[in-house]
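What follows is each chain in one-letter form.
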Amino acid sequence: MNMNDIIGKKRDGGKLSPEEIEYVVNGYTEGSIPDYQMSALLMAIYLKQMDKEETFHLTRAMKYSGDVIDLSQIEGIKVDKHSTGGVGDKTTLVVAPLAAACGVPIAKMSGRGLGFTGGTVDKMESIPGFQTSIPAESFMEQVNRIGLSVIGQTAHIAPADKKIYALRDVTATVGNMSLIASSIMSKKLASGSDAIVLDVKCGDGAFMESFEDACTLGEMMVEIGTADRKKTIAIITDMNQPLGQAVGNSLEVIEAIDTLKGRGPGDITELSLILAGIMIYAGDKAESRQQGYDMAKEALESGGALNKLAEFIQGQGGDPAVIKDYSLFPQHTCTQEIVCHRSGYVYKIAAKSIGLASQHSGAGRATKEDSIDLSAGIYLHKKVGDTVAEGDVLAVIYGTDAEKVARSAEEAEKAFVFSKEKPKKEELIKKII
Ligand code: URA
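Computed from a predicted model, the values in this text were never measured in an experiment.

## Concerning the overall build of the protein chain
Thought 1: Scanning the protein chain from terminus to terminus reveals 16 helices and 13 strands.
Thought 2: The C-alpha atoms of the protein chain give 22 Å as radius of gyration, which agrees with the globular expectation for 433 residues (22 Å, within 12%).
Thought 3: Projected onto its principal axes, the C-alpha positions of the protein chain cover 65 × 45 × 40 Å.
Thought 4: Put simply, the protein chain has 433 residues, and 56% of those count as buried.
Thought 5: Considering only intrachain contacts with a sequence separation of at least 6, the fraction spanning at least 24 residues in the protein chain is 78%.
Thought 6: Accessible area for the protein chain stands at about 17900 Å²; split by element, carbon and sulfur atoms hold 49% of it.
Thought 7: Of the side chains in the protein chain, 47 bear a positive and 59 a negative charge, and the two mean positions are spaced by 2 Å.

Here it is in structure tokens:
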């Protein structure tokens, strides 16, 4: 087989065979295919697309480029949940204890944040002592014992995707539906769970800005998962403003704890109950999504899910006292308020701009090597649809570097758009596939 011919075939709109796709993925991962040829092929795929069959074979080839985790030592139907990424999305920290409290084993691998989106691993590391890297035996033992463990994804999961994603990032080829679907699904399928619930974010703070694109991506991932014999369900949810009020690592963990105490923001609470309900249903612990939702609500109201969070934190070396005492989290040393200069309604809060402002306060990284300030971030005191008057505090920026906090405040202020009339409410849950 010859890489030049494969590039030419895709450039001319041809369909790549499973053997050709495997040849490319294996050759690029082991280094026999150079970056310049892979870049040319990625651009040809970007421009000429891949069909469903090609996308499925690309996913499979990337899945098998590294370790495929065997979770058979864990009893029951293991259910994973994945979000395509958003701003203020701390749902894993709420949903995982909710589902686990209802008997669904959660053996999950999560990632770190990059750019304007956060990552669950960074958030968990704001809990003093919490270990996100533990041996495989301890991971499985913890899931069998308490029903829940979340660790960082190792470099051995879908290494082909890791290498290809880095190249896509610098060759303007990230935004292709087949490349995104195969990238996400190769990692999910290699992580070993029996069922996968996908939260596909849609809006200005997400990869997919339009509802149509989000549906296409959701459908594609559901087809890939189903073809790999995993029960796969996608839910399309709004990301036109940040989720909840907190953006930034320890701020988000505190909001997740508050949610499990029954006093979280309405959007986080509702989305978490719906996602947990779908997971409980996918894990065969409920006969319908509605019954799953009701079970999750009961776990929230009874305190069962909060207890599960405490067990989870303790199991991974963290200090469960953070649940009662938020001063144990990394502490900020500076703050800056964003004050409103007019009256009316909040019409829009550009999620991506808030994500970037949070990153610049110190909460996120521009490159994988950057260190982060776990205390930094933004707390939104007003959300879309709220009334505002002159002098109201719209948001507060937190951090430990006054210059970064000031720059972040300047950026975050520009994310707010106001109107005289009350804006139409966006549906939080747009579709379930
Ligand atoms: N997340 C991924 O893991 N891969 C993509 O291509 C896009 C989002």
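Resuming the write-up.
## What about the pairing of strand 2 (residues 106–110)?
Thought 1: Strand 2 sits mainly inside the fold: five of its five residues count as buried.
Thought 2: Looking at chain direction, strand 2 and strand 3 (residues 148–152) are connected through five bridges and run parallel. Along strand 3, the bridge assignment pairs alanine 107 with serine 149.

## Quick word on the packing of aromatic side chains
Thought 1: Evaluated as defined, the whole model comprises three aromatic pairs.
Thought 2: Arranged with centres 6.3 Å apart and planes meeting at 15 degrees, the rings of phenylalanine 416 and phenylalanine 418 form a pair that is stacked.
Thought 3: Given the relative accessible area of 6%, phenylalanine 416 is considered buried.
Thought 4: We note lysine 163 situated over the ring of tyrosine 28; from NZ or CZ to the ring centre the distance is 4.5 Å.
Thought 5: Its guanidinium or amino end placed over the ring of tyrosine 281, lysine 231 lies 4.8 Å from that ring's centre, counting from NZ or CZ.

## Observations concerning the domain arrangement of the protein chain
Thought 1: Each domain of the protein chain was delimited in the assignment, giving domain 1 (3–48), domain 2 (79–323) and domain 3 (331–419).
Thought 2: Each of domain 1 and domain 2 was reduced to a C-alpha centroid, and the two centroids are 32 Å apart.
Thought 3: Surface buried jointly by domain 1 and domain 2 totals about 1100 Å² across both partners, of which 75% is contributed by carbon and sulfur atoms.
Thought 4: Of all residues in domain 1, Tyr28, Leu42 and Tyr46 bury the most surface against domain 2, accounting for 52% of the area lost on that side.
Thought 5: Applying the counting rule to domain 1 against domain 2 returns zero salt bridges.
Thought 6: Summed over the shared surface of domain 1 and domain 2, the number is one residue pair in polar contact (both at pLDDT 80 or more).
Thought 7: For the side of domain 1 that touches domain 2, the elements supplying multiple residues, two or more each, are helix 2 (18–30) and helix 3 (35–48).

## Quick word on the layout of surface pockets
Thought 1: Quantified by volume, the second largest pocket comes out at close to 590 Å³.
Thought 2: Every residue lining the second largest pocket is counted, 21 residues in all, and those nearest its centre are Asp238, Gln241, Val384, Lys425 and Glu426.
Thought 3: Residue composition of the lining of the second largest pocket, grouped by class: seven nonpolar, six polar and eight charged.
Thought 4: If you count residues domain by domain, the lining of the second largest pocket takes at least three from each of domain 2 (79–323) and domain 3 (331–419).

## Considerations on unusual backbone geometry
What is expected of a backbone is that most residues other than glycine have negative phi and most peptide bonds are trans.
Thought 1: Even without being glycine, glutamine 49 reaches a positive phi, approximately 70 degrees.
Thought 2: Mapping glutamine 49 onto the fold places it in the loop between helix 3 and helix 4 (52–63).
Thought 3: Residue alanine 172 is not a glycine yet carries a positive backbone phi of 55 degrees.
Thought 4: Within the fold, alanine 172 resides in the loop between helix 8 (159–169) and helix 9 (177–190).
Thought 5: Owing to a relative accessible area of 59%, alanine 172 belongs among the exposed residues under this scheme.

## Some remarks on the pattern of salt bridges
Thought 1: Counted according to the given criterion, the structure contains 30 salt bridges.
Thought 2: Residue lysine 430 pairs with aspartate 238 through a salt bridge whose shortest N-O separation is 3.9 Å. With lysine 430 in strand 13 (residues 429–432) and aspartate 238 in strand 5 (residues 231–238), the pair connects residues that are 192 residues apart, well separated along the chain.
Thought 3: For lysine 430, a relative accessible area of 25% puts it in the partly exposed group.

## Focus on the packing of helix 3 against helix 8
Thought 1: Relative to each other, helix 3 and helix 8 sit at 75 degrees, their axes nearing to 10 Å. It follows that helix 3 is roughly perpendicular to helix 8 by the angle criterion. Contacts from Asp35, Met38, Ser39 and Leu42 of helix 3 reach helix 8 at Ile164, Leu167 and Arg168.
Thought 2: Here the residues of the contact of helix 3 with helix 8 are counted per class, giving four nonpolar, one polar and two charged.

## Overview of the sheet that holds strand 7 (residues 334–339)
Thought 1: Sheet architecture is open: four strands sit in the order 6-9-11-7, paired in antiparallel fashion. A single partner strand is all that each edge strand has here, and the edge strands are strand 6 (246–247) and strand 7.
Thought 2: Packing of helix 15 (residues 351–363) onto the sheet brings it into contact with strand 6, strand 9 (377–380) and strand 11 (393–399), and relative to strand 9 it is tilted by some 135 degrees.
Thought 3: Taken strand by strand, helix 16 (residues 402–414) contacts strand 7, strand 9 and strand 11, and its axis lies near 20 degrees from that of strand 7.

Conventions we followed
Residues numbered from 1 in each chain as written. Predicted model: local features only at pLDDT ≥ 70, side-chain atom pairs only at ≥ 80, totals over all residues. Heavy atoms only, no water. Helix = DSSP H or I, 4+ residues; strand = E, 2+ residues; numbered from the N terminus. Rg over C-alpha atoms; globule rule 2.2 N^0.38 Å. Buried < 20%, exposed > 50% of the residue type's maximum accessible area, 1.4 Å probe, protein only. Contact = heavy atoms within 4.5 Å. Areas by Shrake-Rupley, 256 points an atom, 1.4 Å probe, with all protein chains shown as cover. Lys, Arg positive; Asp, Glu negative; His and termini not counted. Charge placed at Lys NZ, Arg CZ, Asp CG, Glu CD. Pairing = 2+ DSSP bridges. Phe/Tyr/Trp six-rings, centres within 6.5 Å; stacked < 30°, edge-to-face > 60°. Lys NZ or Arg CZ within 6 Å of the ring centre and 35° of its normal. Domains from an automatic or database assignment. Buried area = accessible area lost by both parts, 1.4 Å probe. Salt bridge = Lys/Arg side-chain N within 4 Å of Asp/Glu carboxyl O. Polar contact = N/O pair within 3.5 Å; in protein donor to acceptor, adjacent residues only side chain to side chain. 1 Å grid on protein atoms, 1.4 Å probe; cavity = no way out; pocket = protein on both sides within 12 Å on 5 of 7 lines; lining within 4 Å. Points joined across faces, edges and corners; volume = space filled by probe spheres on them. Nonpolar A, V, L, I, M, F, W, Y, C, P; charged D, E, K, R; others polar. Axes fitted to C-alpha atoms, helices over the stretch in contact; angles between N-to-C directions. Parallel < 35°, antiparallel > 145°, perpendicular 65-115°, else oblique.

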